[in-house]
Amino acid sequence: MFLEQLPTIMEQSSSPMIAAPFDESFTMECEAKGNPEPEFRWTKNGQEFDPYQDSRLRTEDGSGTFTIPNNGNLSDFQGSYRCYASNKLGTAITEEIEFIVPNVPKFPKEKINPIEVEEGQSVILECNPPKGIPPLQIYWMTIDLQHIEQDERVSMGLNGNLYFSNALQKDSRRDYCCFASFPRIRTIVQKTAMSVVVKSSAFHSYTHSYTANAILERKPRLLTPSGVKTYTHLVKGEDLLLECIAEGFPTPNIEWVKVGDKLPDRALLENHGKLLTIPEVQDTDDGKYMCKAKNPHGETTHYFHVTVEGKEPPRWEFEPESQLSMIGTDVLIKCAVTGNPKPTVSWKVNGLSLNGAPITSHHQRVFDDKIVLRSATSSDSAVYQCEASNRHGTILANANIMIMSEPVIVTEDSQQYSAIEGKGVVLNCKVFSSPPSTISWSREDSADPVKGERFSVHENGSLEIHKIERDDVGEYSCIAKNTEGSSAITANLDIKDPTRIIDPPQDQRILIGTTAQFSCQARFDSSFSRDFDVFWLKDGIVIALNETEDSGYLVEDGVLQIINVSFRDQGRYSCVARTPVDQDIASAQLIVLGDCLLCCFPDVPDAPEDLMLSEDYGRSAKLKWIPGDDHNSTTSEFIIEFEDSQREPGNWREVLRIPGNHASASLKLHGHVEYRFRVKAVNAIGKSRPSEPTESYKTPATAPDKNPENIKIEGHLPHEMDINWEPLTPIEHNGPGLEYKVSYRQQGVEDNWHEHVVKRHSFVVKNTPTFVPYEIKIHARNHQGWAPEPKVIMGYSGEDFPSAAPDDVAVDVMNNTAVKVSWTRVHKDKLRGHLGGYRVIPQKNMALRFHEDKHTLTFPGDRGHALIPGLRPFSEYSLIVMAFNSRGNGPGSHAVNFRTPEGVPDRPSAFRAVDIQKHSVSLSWARPIEAHGLLVGFLLQYQMINDTEEVGPLLTINISNPESSKWLLQDLEPVSKYKLYMRACTRVGCGPAASEECTTSTEARELPVFVGIVGQRGQECGWMLNSCHEGHCFTTRSKGNWKISEPVNASKTFHVIEGLEPGTEYTVRLMAKNWVDNSMKVTQRLLSTGLASIHGGISNQSWFIGLMCAVALLTLTLLIACFVNRNKGGKYSVKEKEDLHPDVESQGMNDDTFCEYSDNDEKPLKGSLHSHSGDIKPADSGDSLVDYGDEEGQFNEDGSFIGEYAGRKERASVEIKGTGQTAA
């Protein structure tokens, strides 16, 4: 019979569950236990939801857990879920689990006009980040992902905006980019770049040098916040953030005060003094704060009225507990919570609101924070839920209330027991009941309980039968009864034949190199034919058998064969015959002989004979024996062993060794022990077999001879002292009723001992002072009296955490990866325990890392300095030191900030040869992952390594531009193999090299050639492209605007242009750009699309021919009219107008789209390439085609060129190509 149990929730998912787009699936966990096994169901947004019926979900049998795969339809599953686990006894529920599917945040596509200001004026660049899953982190960077430098004049506000208190000409740039990072969904989005143009002050033109008068000086004005005062409300425990950013010239300074009080010690000034932070605000932080911005021309102020509210989410003060109660008792289910505002408490029974649940008991009394069940009955058994909520959160707890009635027997029914005649057996019957039960056992053939000295019923319900007889076989019944009913189980006892070795192995003396054989035949109960096992031991260690001669051992038909014996095989071999209920063992000695005669070779001695106890004096006796034959090797000693026949029958232990020339020994014995003795003889060959044991001899009970040893004093809690000791062994008790007296007193404070008598071997002293010395002694006694007076030992009460931090922490920078830290040791009175040592925690300060680089170094012992290795060069660190004891760490010291010196950088990443020509190789690389300093350039080395023994000289090129990421290596030999090395360099030196190998080609490859145009409505343009080029097809109608195709992969040789209209003339241009050296090639063709055909051959219809003639006549008339009009008015033709003036819709490059994403806002655009054309202005992008020919151009939002081309419809290709060996 199994104990019925109410359902209990074991595992559930935490809330909220954020569905990150990069995760493959999301598991909604709900696991419960109970008996019978619970069944599961779910609700979603309060409505029934069956995950087993939705084929898109993955479920498991017997489990409430289901998995939502990330297959693109996650929004269908957004909502609030709750799991119910039910069986016939009741229902347990989980808290509501909120499944949130966040939208990928994006900045809107927008065109931002350049901001033009005069030098000295203030500027605000707005970020306006999109909404997303917090936390949100904002960074201002350039297109090259370099941080915008911030200081007292330029800083970012809490809202993400970038503020310039006064603009300088160096602030002019076109690539101010705001990046919004959402680390929880691993997404970074970028806003359209903004352009700032700072014009020189009007006063500047009248002076030859820049002075402060050139900028309009003025008193400060707050850019944020607006107005004169702000009201701020916080919840207790939140961080207070107050910000003031001002404009003016000279740049204003910001001061902070708390009106009528001083700023708290934990207040921090950040962002160059513009941000006041008070972490974890308390009630005392309530009040009025003021920020003041001032410069030599005046000042301005702003007041913050801060209110700290004691808002708290619900928290358990007393969580409802599961209870097992007797029938008829009063049951109190208490649910006490705290929170602000006060939480609302609601009750459920088996998942249903108590108001809507069926009333199973007229004696239920429901109060706000408790339920009382008067005179509970079994029908009150259920799962009770208490749910508390306020506007800050919700908590829920399940309490299993089980009202017991009739007894429940936990032990399985009809269990089978086996026993050996003459041994003992225990039949189990574990009972669980309330009210308590009486337990009785009976035989199947009798209703009366079993009786007799061989039968014992223990308190746990088990029946023990001593010295089993054949007549004890059969069925037994265990009956448990109380006032509510009874339960019973049966147990079957079977008597088995004992296992006996009938053909034991015999001692052998075998010549070396021959085969030894030991036989072992056993008799056992036939019912164990499948469970019977025989194995062998050598000198007490199991012999591993693999059934091959390689192991040296073979077993066949119960015979152990030892192949090719050597002296290492000599020893004692034991055969063990085992069944599930008993075993028998027999042993034999193997002696390996050399080439001498068997009769002359020494052997182990024979066992001693005729053992006899004499001179019995209570706890002392004299043992005598007759030595056996020593077999040509003198007996060196005798080993006396004893057996405690009452407590450990069959377990022989050594008690004494005496010289081999003695044949008797005086023995000191323990009290209240039933002894048997035996003796072994030892010579140079080995030990003899044991002698036959003596008759049993029982010593009288006496007081203990000794007190406990190995006393340990520990303090796991500050106000407790744990005393543990090694208990006396049963044989050391010397009599019944052993117990221990624990005595203790505070050293030097108390004169009298505190004493407690216990039977266990541990004691806990409560309410002690923290870490003070105590004197302790443990005194043993039994019914016969006390042991000798114990020794007094000293120990300490429980430790607490150290209360003080090390002072005077100083850092001495040794090199760029190690520092030496020193401190003043914590005074011993502040340690509050045994000093374990000191811990040093260096923490790296990183701007863009979401997890700080922090690790702990432990230095044991009392010391005042330590060497901290493994730091990163050129990094800002903060460091704290703390003491620790066995209780834990003490408080940390004040943080010490330091910076490691500059080091050499890591190797450049992604170094590769991207375009290999006959005499040149184009190289590309990326910055090192860790620069360890400020990069000053790169070192390029190369040498020829053709497949010969000699290599060419190592040539070196210094690349002084640290922003370089490409290089065109020229003047190489054709069809030659080169080894290339690239190192990044700082001011300290150059780091390890990234290497690459390449072989120059046989012929140079040219730029693409435009082949032609084919097709009709869907036209195709074809070309031949180098792999380092990217091609586009451009189309435009006559007099229309240019349109751009998607970028075309260099491996393609044609592109289909769709959506053309029949009977229309188009100009098609192909533009290909080599991204290595920025050279470009543009080719142009003119095409006309044919007229669309009409079903049935419309060109053959007479009405169609007439219509075309009429159109031709009308066109001729209009042409003549235009010609006459031109001659009269002196106008010029459309064609000439287009040649003289490019299309007004063709604009220059739009600066504010310079660093937008290409179709994806989540990945920043890489830095654009630099042009080497001398015609391109330095202020323009290297990718611009504004200065190409006579046309103007611009970049659209994905970064591709969409400039318009004017001029002739047919023109030759134009190339713009850099010269010389320069950075690509």
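In this text the structure is predicted, and so the values were computed from the model without any measurement. (Residues numbered from 1 in each chain as written. Predicted model: local features only at pLDDT ≥ 70, side-chain atom pairs only at ≥ 80, totals over all residues. Heavy atoms only, no water.)

**A closer look at the overall build of the chain**
Link 1 in the chain: Counting secondary structure elements, the chain contains three helices and 95 strands.
Link 2 in the chain: Residues classed as buried in the chain amount to 43% of the 1224 residues present.
Link 3 in the chain: At a minimum sequence separation of 6, the contacts of the chain that also span at least 24 residues come to 65%.
Link 4 in the chain: With the model as given, the accessible surface of the chain reaches about 65,200 Å², and the carbon-plus-sulfur share is 49%. (Helix = DSSP H or I, 4+ residues; strand = E, 2+ residues; numbered from the N terminus. Buried < 20%, exposed > 50% of the residue type's maximum accessible area, 1.4 Å probe, protein only. Contact = heavy atoms within 4.5 Å. Areas by Shrake-Rupley, 256 points an atom, 1.4 Å probe, with all protein chains shown as cover.)

**Looking at the state of the cysteines**
Link 1 in the chain: Inspection of the entire model under this criterion finds seven disulfides.
Link 2 in the chain: A sulfur-sulfur separation of 1.9 Å characterises the disulfide bridge that pairs Cys127 with Cys178. Where Cys127 bonds to Cys178 through sulfur, the torsion about that S-S bond is close to -65°, and the disulfide is left-handed. Here Cys127 is found in the loop between strand E13 (123-125) and strand E14 (137-141), whereas its partner Cys178 is found in strand E17 (residues 173-182), with 51 residues between them in sequence.
Link 3 in the chain: For Cys127, a relative accessible area of 0% translates into the label buried.
Link 4 in the chain: Note that Cys520 is cross-linked by a disulfide to Cys575, the S-S spacing being 1.8 Å. What sets the handedness of the Cys520 and Cys575 disulfide is the S-S torsion sign, and at about -70° it is left-handed. With Cys520 in the loop between strand E50 (516-519) and strand E51 (521-523) and Cys575 in strand E56 (residues 571-578), this residue pair connects regions lying 55 residues apart in the sequence.
Link 5 in the chain: Given a relative accessible area of 0%, Cys575 falls into the buried group. (Disulfide = S-S within 2.5 Å.)

**Looking at the sheet that holds strand E7 (residues 58-59)**
Link 1 in the chain: Pairing is antiparallel in the open sheet, where three strands are placed in the order E3-E8-E7. Two strands in the sheet have a free side with no partner beyond their single neighbour: strand E3 (25-28) and E7.
Link 2 in the chain: In this sheet, strand E8 (residues 66-69) lies alongside E7 in antiparallel orientation, the contact comprising two bridges. Residue pairing across strands places Thr59 opposite Phe66, the latter belonging to E8. (Pairing = 2+ DSSP bridges.)

**Some remarks on the packing of aromatic side chains**
Link 1 in the chain: Summed over all chains, the structure comprises 22 aromatic pairs.
Link 2 in the chain: Their ring planes at 55° and their centres at 6.4 Å tell us that Tyr942 and Tyr978 sit as a pair that is tilted. Residue Tyr942 is found in strand E83 (residues 935-944), and its partner Tyr978 is found in strand E86 (residues 977-986); the two are separated by 36 residues along the sequence. With respect to class, Tyr942 is no different from Tyr978; both count as buried.
Link 3 in the chain: Taken together, the ring pairs connect Trp42, Phe49, Phe66 and Tyr81 into an aromatic cluster.
Link 4 in the chain: Here the guanidinium or amino end of Arg41 rests over the ring plane of Tyr84, the centre of that ring lying 4.0 Å away. (Phe/Tyr/Trp six-rings, centres within 6.5 Å; stacked < 30°, edge-to-face > 60°. Lys NZ or Arg CZ within 6 Å of the ring centre and 35° of its normal.)

**Quick notes on the nonpolar core**
Link 1 in the chain: If you look at the biggest cluster of nonpolar residues, it comprises 28 residues, and the most contacted ones within it are Met28, Trp42, Phe66, Ile68, Tyr81 and Phe99.
Link 2 in the chain: Among the elements that make up this core, the one with the highest residue count is strand E9 (residues 79-87) (three residues).
Link 3 in the chain: Val123, Leu162, Phe182 and Val189 belong to the second-largest nonpolar core, a separate cluster that totals 24 residues. (Core = buried A, V, L, I, M, F, W, Y, C linked by side-chain atoms within 4.5 Å.)

**Considerations on the sheet that holds strand E69 (residues 762-766)**
Link 1 in the chain: Spatial ordering of the open sheet is given by E65-E66-E69, a layout of three strands whose pairing is antiparallel. Two strands lie at the open edges of the sheet, namely strand E65 (709-714) and E69, each paired on one side alone. In this sheet, adjacent strand axes meet at a mean angle of 15° when their direction is disregarded. (Axes fitted to C-alpha atoms, helices over the stretch in contact; angles between N-to-C directions.)

**Let's talk about unusual backbone geometry**
Link 1 in the chain: Omega for the peptide link from Asn35 to Pro36 comes to 5°, which places this bond in the cis form.
Link 2 in the chain: Inspection of the secondary structure assignment puts Pro36 in the loop between strand E4 (30-35) and strand E5 (39-44).
Link 3 in the chain: With omega at 0°, the peptide bond leading from Phe249 into Pro250 counts as cis.
Link 4 in the chain: As for its placement among the helices and strands, Pro250 is situated in the loop between strand E23 (245-249) and strand E24 (253-258).
Link 5 in the chain: Positive phi values are uncommon outside glycine, yet His932 reaches one of about 55°.

**Some thoughts on a nonpolar patch on the surface**
Link 1 in the chain: A cluster of nonpolar side chains, contributed by Leu324, Val410 and Phe432, occupies part of the molecular surface with about 220 Å² of accessible area.
Link 2 in the chain: For Leu324, a relative accessible area of 44% translates into the label partly exposed. (Patch = residues over 30% accessible without salt bridge, like charges linked within 9 Å, V, L, I, M, F, W, Y side chains within 5 Å. Salt bridge = Lys/Arg side-chain N within 4 Å of Asp/Glu carboxyl O.)

**Quick look at a negative patch on the surface**
Link 1 in the chain: Together, Asp606, Glu609, Asp610 and Asp629 make up a region of like negative charge exposed at the surface.
Link 2 in the chain: On the secondary structure map, Asp629 appears in the loop between strand E59 (620-626) and strand E60 (637-644). (Lys, Arg positive; Asp, Glu negative; His and termini not counted. Charge placed at Lys NZ, Arg CZ, Asp CG, Glu CD.)

**A look at the side chain of Lys258**
Link 1 in the chain: For Lys258, the location among the structural elements is in strand E24.
Link 2 in the chain: Here Lys258 sits buried without a salt bridge, and the closest side chain of opposite charge, Asp261, lies 4.1 Å off (N-O distance).
Link 3 in the chain: What Lys258 contacts, discounting residues up to four positions off in sequence, is Leu263, Thr284, Asp285, Asp286, Gly287, Lys288 and Tyr289.

**Section: the pairing of strand E33 (residues 344-349)**
Link 1 in the chain: Here six bridges tie E33 to strand E37 (residues 382-390), and the two strands are oriented antiparallel to one another. Following the sheet pairing, Thr344 is matched in E37 by Ser389.
Link 2 in the chain: Alignment of E33 against strand E34 (residues 352-353), held across two bridges, turns out to be antiparallel. Bridge pairing in E34 links Val349 to Leu352.
Link 3 in the chain: Where E33 folds back on E34, the antiparallel hairpin that results is connected by two residues, among which Asn350 adopts a positive phi of roughly 55°.

**Points about the pairing of strand E26 (residues 275-278)**
Link 1 in the chain: Here E26 shows a buried face lined by Leu275 and Thr277 and a second buried face lined by Leu276 and Ile278.
Link 2 in the chain: Summarising the sheet, strand E22 (residues 240-243) and E26 pair through four bridges and their orientation is antiparallel. Across the sheet, residue Leu242 finds its bridge partner in E26, namely Leu276.
Link 3 in the chain: The sheet contact formed by strand E25 (residues 268-270) and E26 spans three bridges and is antiparallel. Note on E26: the bridge partner recorded for Leu268 is Thr277.

**What about the pattern of salt bridges?**
Link 1 in the chain: Evaluation of the coordinates by the stated rule reveals 47 salt bridges.
Link 2 in the chain: Note that Arg825 is salt-bridged to Asp862, the shortest N-O span being 3.0 Å. Residue Arg825 is found in the loop between strand E74 (819-824) and helix H1 (828-831), and its partner Asp862 is found in the loop between strand E77 (857-860) and strand E78 (865-868); the two are separated by 37 residues along the sequence.
Link 3 in the chain: Take Asp862: its relative accessible area is 55%, and that puts it in the exposed class.
Link 4 in the chain: Several salt bridges converge on common partners, so that one network encompasses Asp54, Arg56 and Asp76.

**Concerning the environment of Val604**
Link 1 in the chain: Relative to the assigned elements, Val604 resides in the loop between strand E57 (583-593) and strand E58 (609-614).
Link 2 in the chain: Val604 gets classed as buried once you look at its relative accessible area, which sits at 11%.
Link 3 in the chain: Not counting residues up to four positions away in its chain, the partners in contact with Val604 are Gln589, Ile591, His631, Asn683, Ile685, Gly686 and Lys687.

**Notes on the confidence of the model for the chain**
Link 1 in the chain: Chain-level statistics for the chain give a pLDDT mean of 81 and a share of 81% at 70 or above.
Link 2 in the chain: Long-range and interchain partners of residues 1024-1031, a stretch whose pLDDT sits below 50, account for 40 contacts in this model, where long-range means more than four residues apart.
Link 3 in the chain: Contacts of residues 1092-1099 to residues separated by more than four positions or lying in other chains number six contacts, the stretch itself having pLDDT below 50. (pLDDT = per-residue confidence, 0-100.)

**With respect to the side chain of Gln561**
Link 1 in the chain: You can see Gln561 is positioned in strand E55 (residues 559-562).
Link 2 in the chain: On the basis of relative accessibility, which here comes to 18%, the residue Gln561 falls in the buried class.
Link 3 in the chain: Among all residues touching Gln561, those that are not within four sequence positions of it are Thr515, Ala516, Gln517, Gly552, Tyr553, Leu554 and Glu556.

**Regarding the environment of Met402**
Link 1 in the chain: Along the polypeptide, Met402 turns up in strand E38 (residues 393-404).
Link 2 in the chain: Judged by relative accessible area, Met402 falls into the buried class, the value being 15%.
Link 3 in the chain: The contact partners of Met402, leaving out residues within four places of it in the chain, are Glu4, Leu6, Leu89, Gln323, Leu324, Ser325 and Ser381.

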